[in-house]
Every structure is written in structure tokens, then in C-alpha cells.
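Chain residues, written in single-letter form:
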Amino acid sequence: MISANNYLYEMVRSELSWVVGEAHVQTGESDKLGHSIDYYWVPEVWHDRGQKLPAPDFVVYPASTKEVSEILKIANTHNIPVIPWGGGSGSQGGALPIYGGIAMDMKRMNKVLNIDPISMTATAETGINTQHLEWAIEKAGYSTMHFPASIACATLGGFIANRGTGVLSTKYGKIEDMVMTMEVVTPTGEIINTLPVPRHASGPDLAQLFLGSEGTLGVVTKATIKIHPIPESRKFHAFLFKTMHEAMVAGSKIMTSRLRPCVIRLYDEPETAKLIKRVLGIDKKGAYLVFGFDGPTKTVDLELEQACAICREKEHEDLGTEMGQAWWDHRYKFFYPPYMFHLPQAFGTLDTVATFANIEKVYWAMKNTVRENFPQATFIGHFSHWYEWGCMLYARFIIESPPKDPREAIALYNKIWDMAIRAAIKEGGVINEHHGVGLKLGRIMKELYGPAFKVLEDIKKVLDPNNIMNPGKMGFRTKGI
Ligand SMILES: Cc1cc2nc3c(=O)[nH]c(=O)nc-3n(C[C@H](O)[C@H](O)[C@H](O)COP(=O)(O)OP(=O)(O)OC[C@H]3O[C@@H](n4cnc5c(N)ncnc54)[C@H](O)[C@@H]3O)c2cc1C
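A. Quick peek at the packing of helix α10 (residues 244-256) against helix α12 (residues 297-312). Running from amino to carboxyl end, α10 crosses α12 at an angle of 145°, the nearest separation of the two axes being 9 Å. In the packing of α10 onto α12, the handedness of the crossing is right-handed. Where α10 abuts α12, its residues A250, K253 and I254 lie against A307, I310 and C311.

Right under this line is the structure:
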């Protein structure tokens, strides 16, 4: 952090203003505060309890790739951190300016540049809000099929940086499956492009290196993504099973039979009792499973019937299409107040993914760890993104009344994360499926990767010799406190 009463500070401010214009270099307290908190619980509670947050020295709004490149060159000259900022909706503290420096807010880079109806792709600047992107593509008669719960508050760049995902991921993929090619500005300011197509045998996949790099290896400035026709129909069906295990057997059979739902979601018994009851009004004991198919009506009807037949092999209650459609209609409600958890509660999304052989072991390992060590916490979960080989566990812990002292509250929060994630990794889980690593879980990356983490560290050192790009995130070198 540079002292604001310093002529070096004024020099950097002038240099940045020459690149983006004075109006686009903000140093006011409200601009800085707005770029000091994302959706990570720790800065939220820190601020809530009257503590001062680490803030950026400058909030800078570039309007072009060239401006991004110039800003990075200035940052290298003065050895100042640069933290790309999208919508600030990340839950891992990935966009927090923990060492001050330049918060590079990408929201002026928000144009859709091209829609190619022949190849069914669209190219956009990465600061675009994902809802605006979807609306623009829908206006042209297509869809991105990227429908995350944060569609209205996140950017395309944020999803690329975090390997994010939307509700229809089971058919249309996560963001790393959607991206065709990207333009990236490397930490030293070079403007590069990944290959024009995502399938090739021209060496390792450079695009996949930047997908999920959380602003530590450069700034993604443009991306071409796949777009899709609007399906003729999309239909849903829901079942209630006696136990989560029986529902998991049915869900995994749907996937391993190679049916192609656009979505499957399975809620454990406590989450069915808590959230499904509150949002959908289903007041029954058991595990709620919902799935949907989309495409030509005939294909949808056939696939839906086959998936229902699989579910009917087990003891079940058929909740019908209506209770499936209701889930789709209310799908975003699960993530916002009054249904979602909020301060003063402490809560964390213990997001992980594993094979079908391991996923229930991961669930029980996490649940038992939380239950046995933290009696003040409730554990609930659902399985939300499904693959041919396994699925994602979206577990949550909730503490109704965390300690008043922010240091104690954060120590407790960190301890739960540490123990629960380590328990998941032991059973074949990973740190995360779609929220990223950020500041929150960087400390566990070396453990997760083992010696392979050095490969990533070496790449980081070569690309970012001065360690200016989002230092201290994803388990990479810090700048020191
Ligand atoms: C209510 C709610 C619901 C959510 N639901 C979902 C969901 O359904 N699916 C999901 O995946 N996530 C979800 N999230 C989490 C969040 O929206 C995602 O992690 C999203 O990818 C963050 O995007 P952002 O633009 O807000 O990024 P930010 O939070 O601003 O930044 C996230 C990371 O990306 C980096 N970054 C941002 N832009 C760039 C760029 N152009 N180049 C390089 N690095 C960059 C930042 O430095 C940071 O490390 C949800 C969050 C909330 C608050």
C-alpha cells in the first residue's frame, strides 16, 4: 500500500490517469470500500463489526485491452499489486485487495463484439454482466445457456477466472466447456490469444491454463463462447426418496445410463426439510430429487420418461412435473434473502466434487467432521452439478450466533473450513468445483496438488516475475504482511 500523502502516490495516479482518463481513476473512500468486500463471509463480518478493511490505493476502470496492458506495465514499473475486479460476487475473497494496489474494475469493457450464427458463437469483452450478455444473445435468437444464481451480479471474466458454472451445466457445461478462445493480457502487459478452437492437438491447452487462474496469471479481456438454439421444450420432474442414498442411486443411474438431463439436483434430508419446505412449500420427510431435459419435444418426452422409470425402480413418492417446474421457477430464490443465510449468521459453502464411488463418503466425512467438532453448526447440502462420472456437493455450514468478537468468529470459521475440506480431500474430493480458491483456501492448495503444485508455481513465477497479479491468492506467493 502506498501512502496517499506521498509524491510517489501522485506520480502513479498521474500515470494511470494518462492511460484511462482522470475520471476513471477513483480514490474516494466509497469507491475503495466498494472494492474491499466481495461475497466472502470474512470481510463482511470484519466490516460489520467495525473493523477497517484492506482497501485498494486506486480503483481503475480500463476501456480497452490496450489500456489494460498499459496499466500492467505501470504496475510492474512501481511493483504495485493489480487485482482484477468483475462483479465482486465471488465467495472466496479472490478479488480482495489485501496488499492495496490497483483494483482493476473491468465493467467498462462490456461490449458484445460479434455473434456468429454459422458456428454458433459469440465474442464479448469480459467485463460484461452475465445477464446483459444473455439478453443480448437472446435478442439475436439464441442463448448462452449459462444461468448461474449470480447471473445479475457477476461478469463473464469473473466466471472464466473462477471456472464458474450455471444451473444447466449438466448438458451445456461449465464455463471452461463453453469458452472457445480468449484474449489475455499477461502480467507483464503482452496481449496474447489462445488458439481459435478448443479442440486441437497443437500442444497443451493454453486456454485451460487461464481458465480458473483467478486473476493471478493475467487479465482475460475478451472471450468467444458457444451459444445455443432456444430449445423447443424444457420439462422437469421431481421425486421424493426416503433417503439421500436412494436418491443418489437413482440420480447416478440416470447419468451412467448416459441420459442427458440439462439439470439434476438432489437435496439431502435436512436441506429438503429446511429449504425445499421454505421455498417450494413441500413439507415432507425425505430427499428431494429434481431433473429436467430440454431440446426437441419428442426427445425430451422420451428421455424424461426413461429418467422417471429409473426413479420408480426405488421406493419413492412421485411429486410430478408440477413440483419439478416449481423448482425451476423459483431456482434463484434459494440464493437470496429471506431464504439464503445472512449476517449475523456465519455460513460457508463447502463446495466439492467427486466420483459417484466417492461422493457419499465425502458427504459423510464432511458432515461428521462438522457435527462432531462444531456442535454449534448445522450442516445441510445438495448435489447440484452432475457429470457422467460423479457430481458436485454444495454443502453448507450455518452458525446462528457466531462469537461477537470478529477475531474469534473468523478463527472458528477458518477452523471449520480447514477440517471439513481436509476431510473431503481425504475421501477423494477437491477444494472446490466452481467457486474457486481465492484467499479463503489458498493454504490448502499445496496439500491438494502435492509436488504438482510446483508446476503451477513455476508458471506463475515466469509469467509474473514481480508478483503483481493478485498476489496472495490461490496459494501463490504473498507480498508479506
Ligand atoms: C447470490 C450468489 C449466487 C452465486 N451463484 C453462483 C453460481 O450459480 N455459479 C457460480 O459459479 N458462482 C456463483 N456465485 C459466485 C460468483 O458469482 C462467481 O464466483 C463468479 O464467477 C464471480 O464473478 P465476478 O464477476 O463477480 O468476479 P469477482 O468476484 O469480481 O472476481 C472473482 C475472481 O475473478 C478475478 N477476475 C475477475 N475478472 C477477471 C478478468 N477479466 N480477468 C482475470 N481475472 C478476473 C478476480 O481477480 C477474482 O480472483 C454466486 C455468488 C452469489 C453472491
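B. Highlighting the sheet that holds strand β18 (residues 390-399). The 7 strands lie next to each other as β15-β12-β14-β13-β17-β18-β16, forming an open sheet whose pairing is antiparallel. Of all the strands in the sheet, the pair left with one neighbour each is β15 (316-319) and β16 (346-355). Strand-to-strand, the axes of this sheet are offset by a mean angle of 20°, without reference to chain direction. Both strand β12 (residues 233-241) and β15 contribute to a ladder of 3 bridges, which runs antiparallel. Note on β15: the bridge partner recorded for F239 is D318.

C. Looking closely at the sheet that holds strand β5 (residues 112-116). Taken in spatial order, the 5 strands of this open sheet run β5-β6-β10-β8-β9, and their pairing is antiparallel. The strands lining the two open edges of the sheet, one partner per strand, are β5 and β9 (191-193). The average angle at which neighbouring strand axes cross in this sheet is 10°, direction not considered. Of the strand pairs in this sheet, strand β6 (residues 121-125) and strand β10 (residues 219-226) are connected by 5 bridges, and their pairing is antiparallel. By the bridge assignment for β10, A122 is matched with I225.

D. Expanded view of the domain arrangement of the chain. Taken domain by domain, the chain comprises domain 1 (7-107), domain 2 (112-229), domain 3 (233-335) and domain 4 (346-440). Just the C-alpha atoms count here: the centres of domain 1 and domain 3 sit 43 Å apart.

Parameters at a glance
- Residues numbered from 1 in each chain as written.
- Predicted model: local features only at pLDDT ≥ 70, side-chain atom pairs only at ≥ 80, totals over all residues.
- Axes fitted to C-alpha atoms, helices over the stretch in contact; angles between N-to-C directions.
- Helix = DSSP H or I, 4+ residues; strand = E, 2+ residues; numbered from the N terminus.
- Left-handed = near helix turned anticlockwise from the far one by under 90°.
- Contact = placed C-beta atoms within 7 Å.
- Pairing = 2+ DSSP bridges.
- Domains from an automatic or database assignment.

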